[in-house]
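So you can see what is in the structure, the chains are spelled out below.
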Amino acid sequence: MREPDVPDTAPEIRRTTCYMCACRCGIDVHVAENRVHHIEGNRAHPVNRGVLCAKGSAGVMQHLSPARLRAPLRRTGPRGSGEFREISWEEALGIAVNWLEPIREQHPERLAFFTGRDQSQALTGWWAQQFGTLNYAAHGGFCSVNMAAAGIYTMGGAFWEFGAPDWERTRLLILFGVAEDHDSNPLKIGLGKLKARGARVISVNPIRTGYSAIADQWIGITPGTDGLLILSLVHLLLTSGKIDLAYLMRFTNAAWLVDQDPASPGFGSFLRDSEGRELAWDPARHRAVPAADVARPALSGGFNVGPTHVKPVFALMAEAYLDPALAPEAVAPACGIEPEVIHRLAAELADTAFNHPITLDRPWTDHCGKRHETMVGRPVAMHAMRGIAAHSNGFQTCRALHLLQLILGTVETPGGFRFEPPYPKPVSAHPKPHHKVTPGYPLDGPQLGYPRGPEDLAIDADGRPKRIDHAFSWEAPLSAHGMMHMVIANAARGDPYPIDVLFLYMANMAWNSSMNTAQTIGMLTATDATGVYLIPKIIVADSYSSEMVAYADLVLPDTTYLERHDCISLLDRPISEPDAAIDAIRWPVIEPERPGAEGVRGFQSVLLDLGVRLKLPGMVDANGKAIYRDYADYMVRHQRRPGVGPLMGWRGEDGTGTGRGAPNPKQLARYIEAGGFHIAHVPEEAAFFKPWNRAYQDWAVKIGIYDTPQPYLFQLYVEPLARFQAAALGHGPHQPPDALRERLARAMAPLPVWYPPLSDTDTDTYPIHAITQRPAAMYHSWGSQNAWLRQIHGENPLYIPGALWESLGFEPGDFARVVSPHAEIRVPVARMDALNPATVWTWNAIGKRPGAWSLAPDAPEATRGFLLNHLIPETLPTGLSNSDPVTGQAAWYDLRVRIERIPAEARSAPAFPSEMSPVPRAPKLVKFRAG
């Protein structure tokens, strides 16, 4: 790469949205003569307020990356060789249509369309639905679905894009499993506020880096035991009476009566009257009445309602969590911490919550019409991420964390955890999963959703999965984000049927986004007895020459984020804050320039073009003509419901509407003028108690979040889980296979439980936990072709705790042989004492395959970088997926290993042969002058 010329003209600032991680910060891109000069934070942006991290600034080099694809590609050599020829867009789209058209007319399910962290799932999911395939999902199934699903079923929202701590008022923040890659700028800003106010920060994490390093207290827990710690805290708070009973009675289902009669057809479900209203026990009238009609319902005891024995939810909680098996002295050894740590943490939670309440002189009216003169809250907040979610017990661990917040009364109150619009949303406001396939027609509804019971599963009459990933089957009933990590393995096995086309967008499933990497590569290249690939056709859309590109038969080159339109929508994953609904766009701040005649196109526009060529409903009119010119036109004119489209700002013909209104042809221009975002502030009286606050509910309807008010109570006891558990115990018309009954009966508990990770079967042979953590300077695998970010993380050692280091006789420069029940790797090591003593770890996604990403075969990422993924199987010895049995989330952090010292080697192992690069090799030196 030659040194970019210094522009002759002064740069122009063009404001858009960053795409270097999930924060979606506002950026000022300095552009002159269609060249990026430099990037800095947009000080007026509500997410980052001008703060920009190394990744954001390095977007310059992401845009200039030599790994950028340049034109559509058709494979000419064997899969994995990297041998392609450049073709025209017309030829590429013609090939895609020729492959997809007969599938849609005959077997739409034989298209498997899965996308990575693309942030346009509202479009891609709709496109797949219109095509007619049920086999669609995005990356959440191997990233965060435990967190999302546990939050939705319990509270109507969770962490990440769902909510945030009350940074202005919190006195105590506890972080569980939080690394530095997601939401990093808002978290850094918030932590800075806490530190400035003298608030306490406690981090629960096996690894002390980043946020854990600046915390006032670090609790180096053993991986996979967070749920046990949390339930021990619940035990102590219940034992000492330090719970907010008034909050539980007003805002949760603590008083609802649960059918406890094993002979009853409603066993495990709530008792309801003839009108479907949940019942509570009224001690004054000595009978069950609608829960909304009793001011002080019974929370303890058991009652007989006719022939049915019932108990309040809170009574079931007391039975479960007062168990001495949850005392700190009982759980501390498994958690790898001292009992005193748990006692002190519970005492600090109780003291902060109950001795330092917050009262705001802010009147509000609840959904029943009752006026309250003040808003009272408890200044304890919590935040959690993948560290607790990516386990096979992660769903119940996340549920336990929400339970802890609720018994303290710290959700949607001043000082606690606050939802961000469009959340909170009860489960009833979300669709159920749809799976009725009709050749030549759209699917009967969205593929992804939230089942209410066994009747909503995507299974056939014999109970077998309908989806290629087995999502929404008895294997993973509540897999709300799909199970992307199982697609390739199941497709190669033809389980439950073969697929004809695998269509991937920005999903590096041949490398760091797959478990069992070497064998996954084998599945992508495996053939039948006639020499035909088991997965016959693979289409990959990406911006860069990733490892997955080499296994594609057809490559559709995407733009960089500075060259295309994107929509960060309230219909998808917005950038809201607790006090405001916020959405944003990206727009081409520069025009794409690639060598050759064809160039690149934004994938979203390409997808709509394919939809037109395939005559998909909603993309063509009655005459077969395109409804939308391109993705930018779709962003403006598409409507999911009358008046509600991808963007909420400047709606209506006059551009004065927010949330609702007819399409405005000047909408994108208004977004660009405003800095790339639109903000709608939550009214002050609606800022807290959102699920029950009439002002918030009315405001949410006004801007199109709901069509009608949706007040609801938090679910301490989750009835959909109880329905699945009851089925596993033999109740109801829908029954799981016998082999899964015990597993489901335990995992689908309607009150949070803890059980050991499912792969903990030979802990004596494999005594060490091995986990990865995403670094702040990288995001997924995208940063490894970035000339600036590579200088921060060009290779990754395996970090070993001090006692283990010494016992095995390690010295600086050594390598380790790391063995799991599945495979082994040989990697460089480094000592780290701020680490759980039973845990080793490394940075994720640093290691690369030689030849990918335009890197030289001897690049440090390819020689000394490595992945723990090689050690992780995608299936358990039972043949079931290595996933949470509730949601199907990939259990990345359940890995157990043994290690031994070996002499230093020339490179990490396994070593993969170098692939040919479809783009020119990167130069060894890149010079960039800015000014």
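Everything discussed here concerns the structure shown above.
The paragraphs below set out a description of the structure included in this document. (Residues numbered from 1 in each chain as written. Predicted model: local features only at pLDDT ≥ 70, side-chain atom pairs only at ≥ 80, totals over all residues. Heavy atoms only, no water.)

1. Let's talk about the packing of aromatic side chains
Link 1 in the chain: Counted by the stated rule, this structure contains 36 aromatic pairs.
Link 2 in the chain: Relative to F303, the ring of W281 has its centre 4.4 Å away and its plane inclined at 10 degrees; by these criteria the two rings are stacked. Remark: F303 occurs in strand β15 (residues 303-305) and W281 occurs in strand β13 (residues 279-282); sequence separation between them is 22 residues.
Link 3 in the chain: Residue classification places W281 among the buried residues on the basis of a relative accessible area of 11%.
Link 4 in the chain: Residue F303 is classed as buried on the basis of its relative accessible area of 15%.
Link 5 in the chain: On the numbers, 6.3 Å between centres and 55 degrees between planes, the contact of F689 with W692 is tilted. Like W692, F689 is buried.
Link 6 in the chain: Grouped by ring-pair contacts, the aromatic residues F159, Y247, F251, W364, F417, F419, F689, W692, Y712 and F714 constitute a single cluster.
Link 7 in the chain: Residue placement shows R418 over the ring face of F688; its charged tip is 4.2 Å from the ring centre.
Link 8 in the chain: The residue whose ring lies beneath K690 is Y696, and the NZ or CZ to ring-centre distance is 5.9 Å. (Phe/Tyr/Trp six-rings, centres within 6.5 Å; stacked < 30°, edge-to-face > 60°. Helix = DSSP H or I, 4+ residues; strand = E, 2+ residues; numbered from the N terminus. Buried < 20%, exposed > 50% of the residue type's maximum accessible area, 1.4 Å probe, protein only. Lys NZ or Arg CZ within 6 Å of the ring centre and 35° of its normal.)

2. Concerning the packing of helix α3 (residues 89-106) against helix α17 (residues 603-613)
Link 1 in the chain: At their nearest, the axes of α3 and α17 sit 10 Å apart, and the two run at 55 degrees to each other. Classified by the angle between their axes, α3 and α17 sit oblique to one another. As α3 runs across α17, the sense of the crossing is right-handed. Across the interface between the two elements, W89, E90, L93, A96, V97 and E101 of α3 pack against V606, D609, L610 and R613 of α17.
Link 2 in the chain: Looking at the contact of α3 with α17 residue by residue, the class counts come to six nonpolar, no polar and four charged. (Axes fitted to C-alpha atoms, helices over the stretch in contact; angles between N-to-C directions. Parallel < 35°, antiparallel > 145°, perpendicular 65-115°, else oblique. Left-handed = near helix turned anticlockwise from the far one by under 90°. Contact = heavy atoms within 4.5 Å. Nonpolar A, V, L, I, M, F, W, Y, C, P; charged D, E, K, R; others polar.)

3. Some details on α17
Structural remark: α-helix, 3.6 residues per turn; residues separated by three or four positions point the same way.
Link 1 in the chain: Counting buried positions over the 11 residues of α17 gives eight, a clear majority of the element.
Link 2 in the chain: Three or more residues of α17 are buried, namely F603, Q604, V606, L607, L608, L610, G611 and V612.
Link 3 in the chain: Following α17 by one or two positions, K615 adopts a phi angle in the positive range, close to 60 degrees.

4. Some remarks on empty space enclosed by the protein
Link 1 in the chain: Under the definition given, this model contains 11 cavities of 30 Å³ or more.
Link 2 in the chain: Taken as a whole, the largest cavity holds about 230 Å³ of empty space.
Link 3 in the chain: Lining the largest cavity are 21 residues, and of these W160, E161, D183, P186 and E420 lie nearest its centre.
Link 4 in the chain: When residues of the lining of the largest cavity are traced back to their parent elements, those giving at least two are β8 (163-165) and α6 (184-197).
Link 5 in the chain: Element by element, the count of residues in the lining of the largest cavity is highest for β8, at three residues.
Link 6 in the chain: Split by residue class, the lining of the largest cavity holds 11 nonpolar, four polar and six charged. (1 Å grid on protein atoms, 1.4 Å probe; cavity = no way out; pocket = protein on both sides within 12 Å on 5 of 7 lines; lining within 4 Å. Points joined across faces, edges and corners; volume = space filled by probe spheres on them.)

5. Quick notes on the sheet that holds strand β5 (residues 84-86)
Link 1 in the chain: Taken in spatial order, the seven strands of this open sheet run β5-β4-β25-β24-β23-β6-β7, and their pairing is mixed. The open sheet has two edge strands, β5 and β7 (136-137), and neither has a second partner.
Link 2 in the chain: Two strands pair when backbone bridges link them, and strand β23 (residues 501-505) and strand β24 (residues 537-542) are joined in this way by five bridges, in the parallel orientation. In the sheet register, L504 faces β24, and the bridge partner there is V540.
Link 3 in the chain: Contacts from α3 reach β4 (73-75), β5, β6 (111-115), β23, β24 and β25 (554-557), with the element oriented near 125 degrees to β25. (Pairing = 2+ DSSP bridges.)

6. As for the environment of L111
Link 1 in the chain: Relative to the helices and strands, L111 resides in strand β6.
Link 2 in the chain: In this structure L111 comes out as buried when scored by relative accessible area, which is 0%.
Link 3 in the chain: Spatially, the C-alpha atoms of L111 and N135 are 6.8 Å apart, while their sequence positions differ by 24 residues.
Link 4 in the chain: In contact with L111, other than residues within four places in its own chain, are L100, I103, W127, F131, T133, N135, V501 and F503.

7. Things to note about the pairing of strand β32 (residues 824-831)
Link 1 in the chain: Pairing between strand β30 (residues 798-800) and β32: three bridges, direction parallel. When the sheet's bridge partners are listed, I800 is paired in β32 with R831.
Link 2 in the chain: In terms of strand pairing, strand β31 (residues 815-819) meets β32 through five bridges, oriented antiparallel. The partner of V819 across the bridge, within β32, is E824.
Link 3 in the chain: Once β31 ends, the chain turns through four residues before running back antiparallel as β32.

8. Concerning the nonpolar core
The tendency in soluble globular proteins is for nonpolar side chains to be buried side by side.
Link 1 in the chain: By size, the foremost hydrophobic cluster in this structure holds 169 residues, and its most contacted members are W127 and F503.
Link 2 in the chain: Here this core takes nine residues from α3, the largest share from any one element.
Link 3 in the chain: Each residue touching F503, except ones within four places of it in the same chain, is listed here: L111, A112, F113, F114, I539, L556, F603, L607 and L610.
Link 4 in the chain: Judged by nonpolar contacts, the second largest core, of 113 residues, contains L231, F417, L457 and V886. (Core = buried A, V, L, I, M, F, W, Y, C linked by side-chain atoms within 4.5 Å.)

9. With respect to the sheet that holds strand β27 (residues 580-586)
By definition, the strands of a sheet pair up through backbone hydrogen bonds, in either a parallel or an antiparallel sense.
Link 1 in the chain: Taking strand neighbours across the sheet as the criterion, the three strands line up as β26-β27-β28 in an open arrangement whose pairing is antiparallel. Looking at the sheet topology across the chains shown, the edges are occupied by β26 (566-568) and β28 (677-681). Across this sheet, the average inter-strand angle for adjacent strands is 10 degrees, counted without regard to direction.
Link 2 in the chain: Direction of pairing for β27 relative to β28: antiparallel, over a ladder of five bridges. In the sheet register, A580 faces β28, and the bridge partner there is H681.

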